[in-house]
Amino acid sequence: MSSRHHAQQHADAIHSPPPQPGVQRRDLARLALGGLAALPALSALPALAQGRDAAAVPPAAASNVNRSAPVPARRLPRLGLALGGGTARGFAHIGVLKSLVQAGIQPDVVAGCSAGALVGAFHAAGFTPWQLEEVALRVRDSDIADFTSAGKRGMLAGDTLFRFINDLLKGARIEALPTRFAAVSTDLRSGELVVLRTGLVAEAVCASCAVPGVFLPREIGGRELVDGALVSPLPVGTARQLGCDIVLAVDVGSRPNRAALSGLYEVMLQSFEIMGRSLALQEAKTAELLLQPDTSAYASTNFNARREMIQVGYEAAQRALPELRRRLNTPMRVRTGAL
């Protein structure tokens, strides 16, 4: 039974209190290694009767119809999340996930870019949004930054971030996650989109988060990979390729509005945002549903407004729930054998 069916039978779950933080390390390990079970199974609904009364059709004609035209099957649509990049604004993704989980909605696939890849990977590994929030609120710069080991091509090496993610996920691999997941990155030499669907989760997330000039490029499979936002800041197409019918795209970006650009880091991120906005808006047009949490009051470098951005994401998702439920509960016709 899918989580959407479960939501219909237990509507009061929306008002249930969130899980308590402070879970045991062994529980996190179980979650990270697949403790939330496998992808939800979707059952086909009974086929609907079509056409005129069978008595009005001559026996021979009815026989021909039965042989040449199979009865159409129906099932509920599969949901995919496309979580966009946004640096510190990516905390809003956690709020979106809190709203969905409270409503009993679990995505069948998750695609993420940059900050969206980081949040999406933990959710695909089985972390609840409340566990994610706990991690997000307690993480310090020293947990993810390694200035001393950087080189001429970037301010941060990314190895500390890799260890942080890999330790929390206990070395999990993408292909073993309970929910199908992909992270997008960019080949620095060719400019091509690279979709990472296998290998260590931490490696893929670090590549997707490697803002050029900030992080050193991440080498995977002989390619130097950098932030996926250069080519696909809102990975709607990647989510669809993972196997879903409805894509809920979450764009946490905002029109650049910094009043002061005090240093190299701020200038680089501002330039990055300017380039990415038009791409994100184009990709957003291909999604069935688009969420745009209002993060305009917070700079993408403001890591001190984590609670506020999580709340902004939660409120945006709450407003979208009625339309999302309507779409998810509308059976769709599928070809025989395509269930």
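Before any of the text, the structure's been laid out above.
Note that the coordinates shown come from a computational prediction; the quantities given were computed from them, not determined experimentally.

Trainee: Give a description of unusual backbone geometry that names residues and reports values.
Mentor: Here Thr87, not a glycine, exhibits a phi torsion of approximately 55°, which is positive. Checked against the element boundaries, Thr87 lands in the loop between strand E3 (79–83) and helix H4 (92–102). Its identity as a non-glycine residue notwithstanding, Ser114 has a phi of 55°, on the positive side. If you trace the backbone, Ser114 turns up in the loop between strand E4 (109–113) and helix H5 (115–124). For Ser114, a relative accessible area of 8% translates into the label buried.

Trainee: Give a description of helix H8 (residues 159–168) that names residues and reports values.
Mentor: Taking burial as the measure, the 10 residues of H8 include seven buried ones, the bulk of the element. Once H8 ends, the next one or two residues include Lys170, with phi positive near 55°.

Trainee: Run through the packing of aromatic side chains, naming residues and quoting values.
Mentor: Applying the stated criterion to the full structure yields two aromatic pairs. Both rings, one in Phe91 and one in Phe303, keep their centres 6.2 Å apart while their planes meet at 90°; by these two values the pair is edge-to-face. One end of the pair, Phe91, is in the loop between E3 and H4; the other, Phe303, is in the loop between strand E12 (289–291) and helix H12 (306–328), with 212 residues separating them in the sequence. Using a relative accessible area of 30% as the deciding quantity, one classes Phe303 as partly exposed. Look at Phe122 and Phe127: their rings are 5.1 Å apart centre to centre, the planes differ by 90°, and that puts the pair in the edge-to-face class. The residues Phe122 and Phe127 share a single accessibility class, namely buried.

Trainee: Residue-level account of the environment of Val247, with values.
Mentor: Among the structural elements, Val247 can be located in strand E11 (residues 246–250). Overall, the relative accessible area of 0% leaves Val247 in the buried class. Distance from Val247 to Pro235, taken between C-alpha atoms, is 9.8 Å for residues 12 residues apart in sequence. Setting aside anything within four residues of it in sequence, one finds Val247 in contact with Gly80, Ala82, Val236, Ala239, Arg240, Ala287, Glu288 and Leu289.

Trainee: Explain empty space enclosed by the protein residue by residue, including any values.
Mentor: With the rule as written, the count across this model stands at two cavities of 30 Å³ or more. What the largest cavity holds in volume is close to 230 Å³. In terms of lining, the largest cavity is formed by 19 residues, of which the most central are Gly85, Gly86, Ala229, Phe272 and Glu273. Among the elements that take part in the lining of the largest cavity, helix H11 (residues 264–284) stands out by supplying five residues, more than any other. Here the second largest cavity defines a volume of roughly 30 Å³. Lining of the second largest cavity is provided by Ala157, Gly158, Leu161, Cys206, Cys209, Ala210, Phe215, Leu216 and Arg218. Class assignment for the residues of the lining of the second largest cavity results in seven nonpolar, one polar and one charged.

Trainee: Can you lay out the side chain of Ser208 for me, pointing to particular residues and giving the numbers?
Mentor: Its place among the elements puts Ser208 in helix H9 (residues 201–208). The class of Ser208 is buried, set by a relative accessible area of 0%. For Ser208, the side chain forms a polar contact with the main-chain oxygen of Val184, separated by 2.6 Å. Contact partners of Ser208, with chain neighbours within four places excluded, come to Gly112, Cys113, Ser114, Ala117, Ala183, Val184, Ser185, Asp227 and Gly228.

Trainee: For the layout of surface pockets, give the residues involved together with the corresponding values.
Mentor: Roughly 870 Å³ of internal volume is contained in the largest pocket. Around the largest pocket, the lining comprises 32 residues; the ones closest to its centre are Thr87, Leu118, Ile144, Phe215 and Phe303. When residues of the lining of the largest pocket are traced back to their parent elements, those giving at least two are H5, helix H6 (129–138), helix H7 (141–144), strand E5 (154–156), H8, strand E8 (213–215) and H11. Top element by residues in the lining of the largest pocket is H5. It accounts for four residues.

Trainee: Break down the pattern of salt bridges for me, with residues and values.
Mentor: Here the structure, examined in full by the defined rule, presents 14 salt bridges. The shortest N-O distance in the salt bridge between Arg327 and Glu323 comes to 2.9 Å. With Arg327 and Glu323 both in helix H12, this residue pair falls four residues apart, about one helical turn. For Arg327, a relative accessible area of 27% gives the class partly exposed. Within the structure, one salt-bridge network assembled from shared partners comprises Arg153, Arg189 and Glu224.

Calculation notes
- One numbering rule holds for all chains: residues counted from 1, following each sequence as written.
- Owing to the predicted nature of the model, reporting of local features is limited to residues with pLDDT of at least 70; listing and counting of side-chain atom pairs is limited to 80 or more, with chain, interface and lining totals taken over all residues.
- To obtain the side-chain values, all non-hydrogen atoms of the structure were used and water was disregarded.
- Every helix listed is a DSSP run of H or I at least four residues long, and every strand listed is a run of E at least two residues long, numbered separately from the N terminus.
- Relative accessibility under 20% of the residue-type maximum defines a buried residue, over 50% an exposed one, and the middle range a partly exposed one, all with a 1.4 Å probe and only protein chains included.
- Paired rings are identified among Phe, Tyr and Trp, the last through its six-membered ring, by centres lying within 6.5 Å, and are further divided according to the angle between planes into stacked (under 30 degrees), edge-to-face (over 60) and tilted (the rest).
- The contact criterion used is simple: two residues touch if any of their non-hydrogen atoms lie within 4.5 Å.
- In this analysis, the protein atoms alone were mapped onto a 1 Å grid. Cavities are point sets where a 1.4 Å probe fits without being able to get out; pockets are open sets with protein on both sides within 12 Å along at least five of seven lines; lining residues have an atom within 4 Å of a point.
- Grid points are joined across faces, edges and corners, and a volume is the space filled by probe spheres set on the points.
- Gly is placed with the polar residues, together with every amino acid not listed as nonpolar (Ala, Val, Leu, Ile, Met, Phe, Trp, Tyr, Cys and Pro) or charged (Asp, Glu, Lys and Arg).
- Any pair of nitrogen or oxygen atoms within 3.5 Å is treated as a polar contact; in protein, a donor-acceptor pairing is required on top of that, and neighbouring residues in sequence qualify only through side-chain atoms on both sides.
- The term salt bridge refers to a side-chain nitrogen of Lys or Arg lying within 4 Å of a carboxyl oxygen of Asp or Glu.

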